[in-house]
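Chain by chain, the residues run as shown.
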Amino acid sequence: MQPTHRSSRILQPAKNWFVFLSLFVALGLAYIPTGRLPGVPDWVPLVLAFWCIREPRRVGMGTAFVFGVLVDIGQGAAMGQHALAYVVLAYLATSIARRVLWFPPLQQALHILPMFFLTQLIMVLVRLVAGAEFPGWEYFLSSFTSAALWIPLHFVLLLPQYRPVDRDDNRPI
């Protein structure tokens, strides 16, 4: 039996290409026309909040603004609606990053839930100021769906970082 090395359990740094690939995949999922189905998660803030907490020096308010404008363009929303909400989300996620990382994923999801709710509230307020109708309370179900998806997303996005420093040909990951 070989001794387990303590370094094999430490997460490797996230690769830039993987961080931005996951954000662009989330952007692609945001472009899927779902209509007004209640409870459909908003993928971009979900992945954005994850990386703002995990990699606050790489992903922050500038990235949030750019992806917010891209979502505004792709969904035909009021220009700056998503950008404003995502910048606030990135600020809040970055500010609580050190505290949230101490908790397991379930408790992290509970910390993140109010931020998702606030993000949606900001988007609704911008729409109301622009003259749109209130979308109904079921619009906010997306916050709860996003918080529930935080747990599996946490493991999926961290999976590439679990690679050991020493490459082993007999190990699949």
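Residues numbered from 1 in each chain as written. Predicted model: local features only at pLDDT ≥ 70, side-chain atom pairs only at ≥ 80, totals over all residues. Heavy atoms only, no water.

Participant: What exactly am I supposed to notice about helix H3 (residues 61-75) here?
Facilitator: Residues separated by three or four positions in an α-helix point in the same direction, a consequence of the helix having 3.6 residues per turn. An ideal rise of 1.5 Å per residue puts 21 Å on 15 residues; H3 measures up with 21 Å between its terminal C-alpha atoms. Looking at H3, one finds that the buried residues are Thr 63, Ala 64, Phe 67, Gly 68, Val 71 and Asp 72. In this structure, the buried residues of H3 make contact with helix H1 (16-30), helix H2 (43-54) and helix H4 (81-95). Immediately beyond the C-terminal end of H3, within one or two residues, lies Gly 76, with a positive phi of roughly 65 degrees. (Helix = DSSP H or I, 4+ residues; strand = E, 2+ residues; numbered from the N terminus. Expected span 1.5 Å × (residues − 1). Buried < 20%, exposed > 50% of the residue type's maximum accessible area, 1.4 Å probe, protein only. Contact = heavy atoms within 4.5 Å.)

Participant: Explanation requested: the UniProt feature "transmembrane region" (unreviewed entry) in the protein chain in the structure shown.
Facilitator: Mapped onto the present numbering, the UniProt feature "transmembrane region" (unreviewed entry) falls at residues 16-34, 83-102, 109-130 and 136-159. Across residues 83-102 one finds 85% helix and 0% strand; the C-alpha atoms that close the span lie 29 Å apart. (UniProt positions renumbered as here; feature names shortened; annotations may be inferred.)

Participant: Sorry if this is basic, but what is going on with the nonpolar core here?
Facilitator: The tendency in soluble globular proteins is for nonpolar side chains to be buried side by side. Grouped together as the largest cluster of nonpolar side chains are 41 residues, with contacts concentrated most on Leu 23, Val 44, Trp 51 and Trp 150. Those elements that place two or more of their residues in this core are H1, H2, H3, H4, helix H5 (97-100), helix H6 (105-129) and helix H7 (141-158). With nine residues, the top contributor of residues to this core is H2. Non-local contacts of Leu 23, meaning those with residues more than four positions away in its chain, are made with Val 47, Leu 48, Trp 51, Val 59, Thr 63 and Phe 67. (Core = buried A, V, L, I, M, F, W, Y, C linked by side-chain atoms within 4.5 Å.)

Participant: What is the right way to look at the side chain of His 82 in this model?
Facilitator: Its location among the elements puts His 82 in helix H4. Classification of His 82 as buried rests on a relative accessible area of 3%. Reaching out from His 82, the side chain makes a polar contact with the side chain of Asp 72 at a distance of 2.6 Å. Within the structure, His 82 has its side chain in polar contact with the side chain of Gln 75 (distance 3.4 Å). (Polar contact = N/O pair within 3.5 Å; in protein donor to acceptor, adjacent residues only side chain to side chain.)

Participant: Would you mind going over the pattern of salt bridges with me for this structure?
Facilitator: A side chain of one charge can pair with a side chain of the opposite charge if their charged atoms are brought near each other. Counted according to the given criterion, the structure contains one salt bridge. The shortest N-O distance in the salt bridge between Arg 58 and Glu 55 comes to 3.8 Å. Residue classification places Arg 58 among the partly exposed residues on the basis of a relative accessible area of 31%. You can call Glu 55 buried: its relative accessible area is 17%. (Salt bridge = Lys/Arg side-chain N within 4 Å of Asp/Glu carboxyl O.)

Participant: What should I look at first to understand the side chain of Ser 22 in this one?
Facilitator: In this structure, Ser 22 sits in helix H1. A distance of 2.6 Å separates a polar atom in the side chain of Ser 22 from the backbone oxygen of Val 19. Setting aside residues no more than four positions away along its own chain, Ser 22 makes contact with Val 47, Trp 51 and Leu 157.

Participant: What's the story with the environment of His 154 in this structure? I'm lost.
Facilitator: With respect to the helices and strands, the residue His 154 is situated in helix H7. Sequence separation between His 154 and Arg 54 is 100 residues, and the spatial gap between their C-alpha atoms is 10.0 Å. Here His 154 is in contact with Phe 50, Arg 54, Pro 105 and Gln 108, once residues within four sequence places are set aside.

Participant: Quick question: what am I supposed to make of a nonpolar patch on the surface here?
Facilitator: Among the surface-exposed residues, Phe 117, Leu 118, Leu 121, Leu 125, Leu 128, Phe 134 and Trp 137 lie close enough to one another that they form a single nonpolar patch of about 640 Å² accessible area. When you line up the elements, Leu 125 lands in helix H6. Since its relative accessible area comes to 46%, Leu 125 is described here as partly exposed. (Patch = residues over 30% accessible without salt bridge, like charges linked within 9 Å, V, L, I, M, F, W, Y side chains within 5 Å. Areas by Shrake-Rupley, 256 points an atom, 1.4 Å probe, with all protein chains shown as cover.)

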